[in-house]
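Here's the letter readout for the chains.
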Amino acid sequence: MNRFFAWAAAATIIISLTSCGGKNIEVERIWDNGYSAFPSIVEFNGRYYVSCREAKSHIFDENGKADGKARILVSRNGRRWKSAALLEKPGTDLRDPKLSVTPDGRLMVTMGGSVFEDKECVSYFPQVAFSSDGKTFTDPSPVKFDDNITDNKEWIWRMTWHGDTGYGVTYGEHFALVKTEDGANYDLVTELGLDRANFPGESTIRFGSDGRMYMMVRCDSGDCLGRWGWSDAPYTDWTWKDMDFHLGGPDFILLGDKVVAGSRYHFPNGKCRTMVLTGNLEGDFEERYLMPSGGDTSYPGFIDTGKDLWMVYYSCHETADGGSHGTIYDFDPDVKEAPKASIYLARIPKSML
């Protein structure tokens, strides 16, 4: 794997690479309110929308409660962002809000809904909210599975629409591909067959121009290597390949036969950064760019704006207190809580990929 890194840190960062014809990657912090994390990005009705979880910390506040809310940001041009909505559900920690646009033209937010008692997670179940105008959203409510999935510990981490059908992976008691026509009701397509001892979880789905489904899967036990898979319709027969590294909050986008991916990247010294990788449809990847990041970080989301790819992600490497932008936290990997997390937007010229 080719290890070629570019790194810097500031409120607005330009990553300049003379080997790329003077092209630049620009990185800007776009949201900074407490512990903002797990973003996604989508274009809807001519505007750009970013979602993130907003809370006091990665999980618990100072009183031991997990009360994450889903913040929805909006921008006309990606430069100036403002809040469009804040979704909450009393007694439920809303996590990993992911945006998509339904075939009937609604903005959809898919979230995990976790319930804690004495800091123990007793249940988690997918929640969904919708908006027709990007301003007013329905209250988060649980999705409905068919009779094949009846447990109260499930998580649809990200949704991808293909034609009139949305697909996602539910993990928890199951590890299964599910589909929906309306975003609220889900049917089982197939159990995906990966070894559950490796704890496969967060999964992103994309489609090739020929309709083939590709999937990138985070695994957190056993060998802890990511998995890359593909399947043709009806998506019940899967081919899997072990990746070379541990994923965290993975996303990817297809540019023809090229795959551009982002993930938390784990270094041998225990440190984590957000990495951009490029690869092919067979699942071979190499590291390209190490983004300004540190501590608890990653969970990228991509959108193709034409000339550039935009990537949102979160990181704890800066503070926003007392004008101390650019302070670098050198976190001990054993520390699980950090003082702040912010949302960043990177603009990556496609010519650099």
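Check the entry above for the structure.
Fair warning: this is a prediction, and the values are worked out from it, not measured in the lab.

*Asks:* It is not clear to me how a negative patch on the surface should be interpreted in this structure. Could you clarify?
*Replies:* Negative charge collects at one region of the surface, where Asp164, Glu181, Asp182 and Asp187 lie side by side. Structurally, Asp182 can be placed in the loop between β14 (175-180) and β15 (185-191). Owing to a relative accessible area of 31%, Asp182 belongs among the partly exposed residues under this scheme.

*Asks:* How should the sheet that holds strand β18 (residues 227-231) be read in this particular structure?
*Replies:* Sheet strands line up and pair through hydrogen bonds in the backbone, either parallel or antiparallel. Reading across from one edge, β16-β17-β18-β19 is the order of the 4 strands in this open sheet, with antiparallel pairing throughout. A single partner strand is all that each edge strand has here, and the edge strands are β16 (200-207) and β19 (239-242). Here the average twist between neighbouring strands, direction ignored, is 20°. Two strands pair when backbone bridges link them, and β16 and strand β17 (residues 213-219) are joined in this way by 6 bridges, in the antiparallel orientation. Bridge pairing in β17 places Pro200 opposite Cys219.

*Asks:* Is there a simple way to think about unusual backbone geometry in this case?
*Replies:* Excluding glycine, a negative phi dihedral is what most residues carry, and trans is how most peptide bonds are arranged. With omega at 10°, the peptide bond leading from Ala233 into Pro234 counts as cis. Along the chain, Pro234 turns up in the loop between β18 and β19. The residue Phe38 is not glycine, and still its phi comes out positive at about 60°. Along the polypeptide, Phe38 turns up in strand β3 (residues 35-44). Phi at Phe199 is positive, roughly 50°, even though this residue is not glycine. Position of Phe199 relative to the elements: it lies in the loop between β15 and β16. What makes Phe199 partly exposed here is its relative accessible area of 39%.

*Asks:* Can you walk me through the layout of surface pockets in this structure?
*Replies:* The space that makes up the second largest pocket amounts to roughly 610 Å³. Taken together, 27 residues make up the lining of the second largest pocket; nearest its centre are Thr160, Trp161, Arg206, Phe252 and Ile253. Those elements giving two or more residues to the lining of the second largest pocket turn out to be β3, β7 (93-101), β12 (154-162), β16, β20 (251-255) and β24 (298-304). Tallied by class, residues from the lining of the second largest pocket come to 14 nonpolar, 7 polar and 6 charged.

*Asks:* How should I be thinking about the side chain of Asp146 in this particular structure?
*Replies:* As for its position among the elements, Asp146 is in the loop between β11 (144-145) and β12. Of the buried charged residues, Asp146 lacks a salt bridge, with Lys179 as the closest side chain of opposite charge at 8.9 Å. Side-chain polar atoms of Asp146 contact the backbone nitrogen of Asn148, separated by 2.9 Å. With residues near it in sequence (within four places) discarded, Asp146 still touches Tyr186, Asp187 and Leu188.

*Asks:* What's the story with the pattern of salt bridges in this structure? I'm lost.
*Replies:* Opposite charge on two side chains allows them to pair when their charged atoms are near. This structure, assessed with the given rule, holds 23 salt bridges. One salt bridge in this structure joins Glu26 and Arg347, with 3.9 Å as the shortest N-O distance. Of the two residues, Glu26 sits in strand β2 (residues 24-31) while Arg347 sits in strand β26 (residues 342-349), which places them 321 residues apart along the sequence. For Arg347, a relative accessible area of 6% translates into the label buried. Its salt-bridge partner being Glu202, residue Arg218 comes within 3.0 Å of it at the nearest N-O pair. Of this pair, Arg218 sits in strand β17 while Glu202 sits in strand β16, and the two are 16 residues apart along the sequence.

*Asks:* Got a minute to help me understand the sheet that holds β3 in this structure?
*Replies:* Here we have 4 strands laid out as an open sheet, ordered β3-β4-β5-β6, and antiparallel in their pairing. Each edge of the open sheet is held by one strand with a lone partner, namely β3 and β6 (82-87). Neighbour to neighbour, the strand axes of the sheet diverge by 25° on average, direction disregarded. Alignment of β3 against strand β4 (residues 47-55), held across 8 bridges, turns out to be antiparallel. By the bridge assignment for β4, Val42 is matched with Tyr49.

*Asks:* Just to check I follow, could you spell out the packing of aromatic side chains for this structure?
*Replies:* In this structure the tally under the stated criterion is 21 aromatic pairs. Ring centres of Phe38 and Tyr314 lie 5.2 Å apart, and the angle between their planes is 75°; this geometry places the pair in the edge-to-face category. Of this pair, Phe38 sits in strand β3 while Tyr314 sits in strand β25 (residues 308-315), and the two are 276 residues apart along the sequence. Measuring from ring centre to ring centre gives 5.9 Å for Trp157 and Tyr299, while their planes differ by 70°; the resulting arrangement is edge-to-face. Of this pair, Trp157 sits in strand β12 while Tyr299 sits in strand β24; the two residues are 142 residues apart in sequence, bridging distant segments of the chain. Across the pair, exposure class does not vary: Trp157 and Tyr299 are buried alike. An aromatic cluster is built from Phe38, Trp157, Tyr299 and Tyr314, whose rings are joined through pairwise contacts.

*Asks:* In this structure, what is going on with the environment of Met108? I would like to understand it.
*Replies:* Note on placement: Met108 falls in strand β8 (residues 107-117). Every residue in contact with Met108, bar those within four places of it in the chain, is listed here: Lys98, Leu99, Ser100, Thr102, Val128, Ala129, Phe130, Met159, Trp161, Gly183 and Tyr186.

What counts and what doesn't
- Each chain carries its own residue numbering, running from 1 in the written order of its sequence.
- With the structure being a predicted model, the display of local features is reserved for residues of pLDDT at least 70 and the display and counting of side-chain atom pairs for 80 or more, all residues being used for whole-chain, interface and lining totals.
- Working from all heavy atoms in the structure, the side-chain values ignore hydrogens and water.
- By definition, no residue in a patch forms a salt bridge, and every one has over 30% relative accessible area; like charges are joined within 9 Å, nonpolar side chains (Val, Leu, Ile, Met, Phe, Trp, Tyr) within 5 Å.
- Per-residue accessibility takes into account occlusion by the displayed protein chains alone, with areas from the Shrake-Rupley method and a 1.4 Å probe.
- Think of a salt bridge as a Lys or Arg side-chain nitrogen and an Asp or Glu carboxyl oxygen that are within 4 Å of each other.
- Neither His nor the chain termini are counted; the positive set is Lys and Arg, and the negative set is Asp and Glu.
- Every charge is mapped onto a representative atom, which is NZ of Lys, CZ of Arg, CG of Asp or CD of Glu.
- Strands are runs of DSSP state E lasting at least two residues, helices are runs of H or I lasting at least four, and both sets are numbered from the N terminus onward.
- Whether a residue is buried, partly exposed or exposed follows from its accessible area with a 1.4 Å probe, protein chains only, as a fraction of its type maximum: under 20%, in between, or over 50%, in that order.
- For two strands to be treated as a pair, DSSP must find no fewer than two bridges joining them.
- Here the axes come from fitting lines to C-alpha atoms, over the contacting stretch only for helices, and the angles between their N-to-C directions go from 0 to 180 degrees.
- Only protein atoms enter the 1 Å grid used here. Points where a 1.4 Å probe fits but cannot escape make up a cavity, open sets with protein on both sides within 12 Å along at least five of seven lines make up a pocket, and a residue lines them when an atom lies within 4 Å of a point.
- Grid points are joined across faces, edges and corners, and a volume is the space filled by probe spheres set on the points.
- Polar here means any residue outside two lists: the nonpolar Ala, Val, Leu, Ile, Met, Phe, Trp, Tyr, Cys and Pro, and the charged Asp, Glu, Lys and Arg; Gly therefore counts as polar.
- Throughout this description, a polar contact denotes any pair of N or O atoms lying within 3.5 Å of each other; where both atoms belong to protein, one of them has to be capable of donating a hydrogen while the other can accept it, and for residues adjacent in sequence the pair is counted only when both atoms sit in side chains.
- Here, residues are in contact when the closest pair of their heavy atoms is within 4.5 Å.
- Here is the rule: rings of Phe, Tyr and Trp (six-membered ring for Trp) pair when centre to centre is within 6.5 Å. Planes less than 30 degrees apart are stacked, more than 60 are edge-to-face, and the remainder are tilted.

Remember that the coordinates give geometry; whether it matters functionally is a separate question.
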